[in-house]
Amino acid sequence: MQDRFLIERIEARILDIPTIRPHKLSFGSISRQSPVIVQLWLRNGATGFGEAATIGGPSWNEESPESIHHAITNHLAPSLIGQDGARFEACLSRMDLACKGNAFAKSAVEIALMDAVARSLQLPLWQLLGGKQRDSLPLAWTLASGDIERDLAEAHLRLEQKRHRIFKMKIGARTPEADVAHVSEIARGLQGRATLTVDVNQAWDGATARRFLPQLIDAGVTLIEQPVAGWNVPALRELTATLQGALVMADESVCTPYDAMRLAREQASHVFSLKVAKHGGLLRTRKVAAIAQAADIGWYGGTMLETSIGSAASAHVFATLGGQHYNCELFGPQLLVDDIVTERMAIRDFELQLPDGPGLGVEIDLQQLARFDRALAGSQPQ
Ligand code: MUC
Ligand code: MG
């Protein structure tokens, strides 16, 4: 056993960070994010940080900040204390034995572990994940204020600032007719200056999707994310086979490698939205990406609206991936009123720049961590 990387201590805390504006999705509106931040100490003195964020408590899937915090504190951390932290896959297996599922919680611990080991070795995290294949990724922004004027003003500002020219619209909360009208007006307002995508977040049934998606494509949408329920793979497959002029992307339908295999076997999407949290960590994200590549399915770098800690972790693994990619949306930090790192990853010429320092390449600001810590502020779950 390499004593050098022995895991000594793991702690988790829930933060509450307001968003710069309400963010409206098919299942509700959020005005704050509550990421769980993990800190992990190795015997050699190195520490690493990890994160798992959910959207709207347990509204996006089963895990919530409170359940993630509980799983880490009571089950995952005890299973790893005293173990060799450099044996990443063995650590993942131990976590699987201690706790079924709970992919978000496991991902936060795995990120902190890999960050700590990478910092001990003075290597950027991407080096432990196979080496980077790119230095930057085109970065999308989500228009989800619910108000057309505000969405258009946001989009124009971001185009002028050369920060974003890919815009995702969150639909599915209103009638499909109202969504088509909203998307068409945004498309007219941007006059071909941007790439437009939509995320329905599972809100439609197959018949609604068959009827209204062609209208969104006519309006200029080129990528359609999770139009139907996560379980509704038959409808996803049919849409993938029949829709002309846009690609179908799976998000909630593709979490585990077994989900990925099923979608690949059935050719039930053109693109997978990869998210480190739902896949259960960085190494498991690479496994899902490998299945996509082998099945001629592209990938997109998804987000759960993490701070710069989780966003940097995602950027590191996305930068290592080959295959056909359709941009990323690691804009979480920009949606939050403030961050917990001393300096954010740079955005230049519409692309997110991958940091090159040791570990995650972003440095935690301990004062900011304390400022947003729920336990210190005494605020309540959403
Ligand atoms: C999702 O389902 O993709 C990501 C970006 C955003 O605006 O919401 C999320 C969740
Ligand atoms: Mg989505």
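Shown above is the structure to which this text applies.
Below, the structure is looked at part by part. (Residues numbered from 1 in each chain as written. Chains lettered and ligands numbered in written order. Predicted model: local features only at pLDDT ≥ 70, side-chain atom pairs only at ≥ 80, totals over all residues. Heavy atoms only, no water.)

**Examining the sheet that holds strand E6 (residues 136-138)**
Our working definition: Strands were regarded as paired on the criterion that DSSP finds at least two bridges between them. A run of H or I in DSSP counts as a helix once it spans at least four residues, and a run of E counts as a strand once it spans at least two, with each numbered from the N terminus.
The strand order E6-E16-E15 describes an open sheet built from three strands, whose pairing is antiparallel. The strands lining the two open edges of the sheet, one partner per strand, are E6 and strand E15 (347-348).

**What about the coordination of the magnesium ion (ligand 2)?**
Note the cut-off: Listed donor atoms are N, O and S within 2.8 Å of the metal (Na, K and Ca: 3.2 Å). As water is not included, a site may look incomplete.
All of the protein donors around the magnesium ion (ligand 2) are Asp199 (OD), Glu225 (OE) and Asp251 (OD); their distances to the metal are 2.0 to 2.2 Å. Considered as a linear motif, the donors of the magnesium ion (ligand 2) on their single chain read D-x25-E-x25-D. Here the residue Glu225 occupies a position in strand E10 (residues 221-225), and Asp251 occupies one in the loop between strand E11 (247-250) and helix H9 (257-265), the gap between them amounting to 26 residues.

**Quick look at the site of ligand 1**
Threshold: We call a residue near a molecule or strand whenever a single non-hydrogen atom of that residue lies within 4 Å of it. For this analysis, a polar contact is any N or O atom pair within 3.5 Å, provided that within protein one partner can donate a hydrogen and the other can accept it, and provided that sequence-adjacent residues contribute only side-chain to side-chain pairs. Under the convention used here, a 1.4 Å probe and the Shrake-Rupley method define accessible areas, while residue burial counts only the protein chains that appear. Under the scheme applied, nonpolar residues are Ala, Val, Leu, Ile, Met, Phe, Trp, Tyr, Cys and Pro; charged residues are Asp, Glu, Lys and Arg; polar residues are all the others, including Gly.
With respect to spatial proximity, 15 residues lie near ligand 1, and among them His23, Trp60, Lys170, Asn201 and Lys275 are the closest. A distance of 3.1 Å separates an oxygen atom of ligand 1 from a polar side-chain atom of Asp251. Contact with the protein chains hides 100% of the accessible area of ligand 1, taken as 280 Å² for the molecule alone. When residues of the shell around ligand 1 are traced back to their parent elements, those giving at least two are strand E2 (17-25) and strand E8 (166-170). Counted by class, the shell around ligand 1 contains four nonpolar, four polar and seven charged residues.

**A word on the packing of helix H6 (residues 176-190) against helix H7 (residues 206-219)**
Let me state the cut-off plainly: Only the contacting stretch of a helix is used when fitting its axis, a line to C-alpha atoms as for every element, and angles between N-to-C directions run 0 to 180 degrees. Roughly parallel means an angle under 35 degrees; roughly antiparallel means over 145; roughly perpendicular covers 65 to 115; every other angle is labelled oblique. A crossing counts as left-handed when the near helix is turned anticlockwise from the far one by less than a right angle, and as right-handed when that turn is clockwise. The contact definition used throughout considers only heavy atoms, calling two residues in contact when any of these lie within 4.5 Å.
Look at H6 against H7: their axes get within 9 Å of each other, and the N-to-C directions meet at 15°. Taken together, H6 and H7 sit at an angle that is classed as roughly parallel. Between H6 and H7 lies a crossing of right-handed hand. Contacts from Pro176, Glu177, Asp179, Val180, Val183, Ser184 and Ala187 of H6 reach H7 at Thr208, Arg211, Phe212, Gln215, Leu216 and Ala219. Of the residues that constitute the contact of H6 with H7, the class distribution is seven nonpolar, three polar and three charged.

**Let's talk about the sheet that holds strand E5 (residues 47-52)**
Taken together, three strands build an open sheet; the order of strands is E1-E4-E5 and the sheet is antiparallel. A strand with exactly one partner marks an edge of an open sheet, and here the two such strands are strand E1 (7-14) and E5. Strand-to-strand, the axes of this sheet are offset by a mean angle of 20°, without reference to chain direction. Judged from the six bridges that link them, strand E4 (residues 36-42) and E5 form a sheet pairing that is antiparallel. Paired with Val38 across the strands is Gly50, a residue of E5. Its contacts with the sheet place helix H3 (residues 103-120) against E1, E4 and E5, and it is angled at close to 155° to E5.

**Points about the environment of Leu125**
As a reminder of what qualifies: Relative accessibility thresholds used throughout: buried, under 20% of the residue-type maximum; exposed, over 50%; partly exposed, between the two (1.4 Å probe, protein chains only).
One can find Leu125 in helix H4 (residues 125-128). Given the relative accessible area of 0%, Leu125 is considered buried. In this view, Leu125 contacts Met114, Asp115, Ala118, Leu282, His316, Gly359 and Leu360; residues no more than four positions away in its chain are not counted.

**Brief notes about the packing of aromatic side chains**
How we decide: Planes of paired rings set the category: under 30 degrees apart is stacked, over 60 is edge-to-face and the rest tilted, where pairs are Phe, Tyr or Trp rings (Trp by its six-membered ring) whose centres lie within 6.5 Å.
Counted by the stated rule, this structure contains four aromatic pairs. Note on Trp141 and Phe331: the rings are 5.0 Å apart at their centroids and 55° apart in plane angle, and the pair reads as tilted. Residue Trp141 is found in strand E7 (residues 141-143), and its partner Phe331 is found in the loop between strand E14 (325-328) and helix H13 (332-335); the two are separated by 190 residues along the sequence.

**Some words on the nonpolar core**
Heads up, the condition is: Buried residues of nine kinds, namely Ala, Val, Leu, Ile, Met, Phe, Trp, Tyr and Cys, make up a nonpolar core once their side-chain atoms join them within 4.5 Å.
Counting 125 residues, the largest nonpolar core has Ile72 and Phe272 as the members making the most contacts within it. With eleven residues, H3 is the single largest residue contributor to this core. Beyond its immediate stretch of four places on either side in the chain, Phe272 contacts Met249, Ala250, Val254, Ala260, Leu263, Val288, Ala292, Ile297, Gly298, Trp299 and Tyr300. In terms of nonpolar packing, the next biggest core, distinct from the first, is built from six residues, Leu223, Met249, Val271 and Tyr300 among them.

**Some remarks on H7**
Note the following rule: To estimate the expected span of a helix, subtract one from its residue number and multiply by 1.5 Å. To get the bend at a residue, fit one axis to the 7 residues ending there and another to the 7 starting there, then take the angle between the axes.
Between its first and last C-alpha atoms H7 spans 20 Å; for 14 residues at 1.5 Å apiece the expected length is 20 Å, and the two agree. For H7, the principal kink sits at Phe212 and spans about 30°; a proline, Pro214, occurs within the next four residues. Within H7 the residues assigned to the buried category are Gly206, Thr208, Ala209, Phe212, Leu213, Leu216 and Ile217. Elements in contact with the buried residues of H7: H6, strand E9 (195-199), E10 and helix H8 (233-242). Downstream of H7 by one or two residues, Gly220 has phi in the positive range, about 125°.

**So, the packing of helix H2 (residues 88-98) against H3**
In contact at an axis separation of 11 Å, H2 and H3 are set at 155° when each is read in the N-to-C sense. When the axis of H2 is compared with that of H3, the two are roughly antiparallel. Two packed elements cross with a definite hand, and for H2 against H3 that hand is right-handed. Across the interface between the two elements, Phe88, Cys91, Leu92, Met95 and Asp96 from H2 touch Lys106, Val109, Glu110, Leu113, Met114 and Val117 from H3. A per-class count over the contact of H2 with H3 returns eight nonpolar, no polar and three charged.

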